Amino acid sequence: MTLSPDTIEVFAIGPWTINATVAFTWLVMALLVLVSWWVTRRLTAAGDIGPGQNVLEAVVVFLLDQIREVTNQKPEPYLPFVGTLFLFIVTSNVLSVVPGFHPPTGSLTTTAALAVCVFVAVPVFGIAKLGLRAYLGNYLRPSPFLLPFTLIGELSRTLALAVRLFGNVMSGTVVAAILLSVVPLLFPIVMQAFGLLIGVIQAYIFAILAIVYIASGTELQERRARVEEVRQ
Amino acid sequence: MSDFGLIGMASILIAGLTIAIGSVGPALGQGRALAQALQAIAQQPDEANTITRTLFVGLAMVESTAIYCFVISLILIFANPFWAAVQSAS
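Residues numbered from 1 in each chain as written. Chains lettered and ligands numbered in written order. Predicted model: local features only at pLDDT ≥ 70, side-chain atom pairs only at ≥ 80, totals over all residues.

With respect to the overall build of chain B
Item 1. Tallying secondary structure elements over chain B gives three helices and zero strands in all.
Item 2. In terms of overall dimensions, chain B is more spread out than a globule: its C-alpha atoms have a radius of gyration of 20 Å, far above the 12 Å expected for 90 residues.
Item 3. Relative to its full complement of 90 residues, chain B shows a buried share of 11%.
Item 4. For chain B, the proportion of contacts with a sequence separation of at least 24, taken over those separated by at least 6, is 86%. (Helix = DSSP H or I, 4+ residues; strand = E, 2+ residues; numbered from the N terminus. Rg over C-alpha atoms; globule rule 2.2 N^0.38 Å. Buried ≥ 20, exposed ≤ 12 C-beta atoms within 10 Å, placed from the backbone. Contact = placed C-beta atoms within 7 Å.)

Dropping the structure here:
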């Protein structure tokens, strides 16, 4: 039994060995790009849209609605980042029912990379929206004495984001492997179905938490500005 | 007792204890959160969407402590650094 797909070597390009994590990440990326390209090749605004366009529109509208409800802002600037996170994680989690597929999210390296993306995206979106000065000012509110705790909070929530996704996906594969050796008939299938549910929920939670963190970087200042407006 | 026996015994014992104790708190917390959310939905069915979303996010937050314990116990059993050190020393 392997705990992490990092240790499985798939093939080698020259001096670099490509492990299962990287290979399956590329596979998921290729799948997402190909399906998106194939569906968006013939978009139409006519009444009868194809099934592919229908599904993609439903996904995009769902993401836009969720982002709008969480942030109370226009969702379009956040859609590319958060939508990509959600689609990548949900695809790799759902594909884990395919035999021989090791979900790349079951490796701490992938989830840590995704969490670092969120960690970087929070100040990027915050500075883009508020400007450098106002964004950094957010850290000193309500009191400069709380600055260390804010910084620790930023780091620990990144760690929690990475370990949560990794732990959930990895526990699914490990439990399936253990069950396979104890009760190989039927029961693992139930656990696989349960794992599908967990995988989709975890992808949703990762995306929602990312947007909550991003929103907290852009919103705090705005609310204060609104209060001052009312005061004047 | 040899180093192998000692490390193996301590790892397995602590791994079991970690997941046992570590899952009690999150289980109680999640049950409480779920009960409150159900009550809130029963009182305000119109707000069910918002409540459900917040509930999911909150459950994930609570659950992460149990996940940490699970990861720790897995590390103790499958990727114990002391075990590897003793193995390479002998």
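Let us keep going from here.
Quick word on the nonpolar core
Item 1. Counting 40 residues, the largest nonpolar core has A:Val82, A:Leu85, A:Ile89, A:Phe206, A:Ala207, A:Ala210 and A:Ile211 as its most contacted members.
Item 2. The set of elements that each furnish at least two residues to this core consists of helix H1 (20–40), helix H2 (51–71), helix H3 (79–94), helix H4 (108–130), helix H6 (147–182) and helix H7 (187–231) of chain A together with helix H2 (48–78) of chain B.
Item 3. Beyond its immediate stretch of four places on either side in the chain, A:Ala210 contacts A:Val82, A:Leu85 and A:Val118. (Core = buried A, V, L, I, M, F, W, Y, C linked by C-beta atoms within 7 Å.)

Observations concerning unusual backbone geometry
Comment: phi is negative for the bulk of residues other than glycine, and the bulk of peptide bonds are trans.
Residues and elements named next belong to chain A.
Item 1. For Asn 72, which is not a glycine, the phi torsion comes out positive at approximately 60°.
Item 2. Asn 72 sits in the exposed class, given 12 other C-beta atoms within 10 Å.
Item 3. The backbone phi angle of Leu 186 is positive, close to 65°, even though this residue is not glycine.
Item 4. Relative to the assigned elements, Leu 186 resides in the loop between H6 and H7.

Focus: the pairing of strand E1 (residues 9–13) of chain A
Residues and elements named next belong to chain A.
Item 1. Taken across its five residues, E1 has zero buried, putting it largely on the surface.
Item 2. Sheet topology places E1 next to strand E2 (residues 16–19); four bridges connect them, and they run antiparallel. Bridging from a neighbouring strand, Phe 11 pairs with Ile 18 of E2.
Item 3. From the end of E1 to the start of E2, which pair antiparallel, there are two residues, and Gly 14 there has a positive phi angle of about 55°. (Pairing = 2+ DSSP bridges.)

Points about the packing of H1(A) against H3(A)
Residues and elements named next belong to chain A.
Item 1. Across the interface, H1 lies against H3 with an axial gap of 10 Å and an inter-helix angle of 115°. Between H1 and H3 lies a crossing of right-handed hand. Across the interface between the two elements, Val 28, Leu 31 and Leu 32 of H1 pack against Leu 87, Phe 88, Thr 91 and Ser 92 of H3.
Item 2. Taken together, the residues of the contact of H1 with H3 sort by class into five nonpolar, two polar and no charged. (Axes fitted to C-alpha atoms, helices over the stretch in contact; angles between N-to-C directions. Left-handed = near helix turned anticlockwise from the far one by under 90°. Nonpolar A, V, L, I, M, F, W, Y, C, P; charged D, E, K, R; others polar.)

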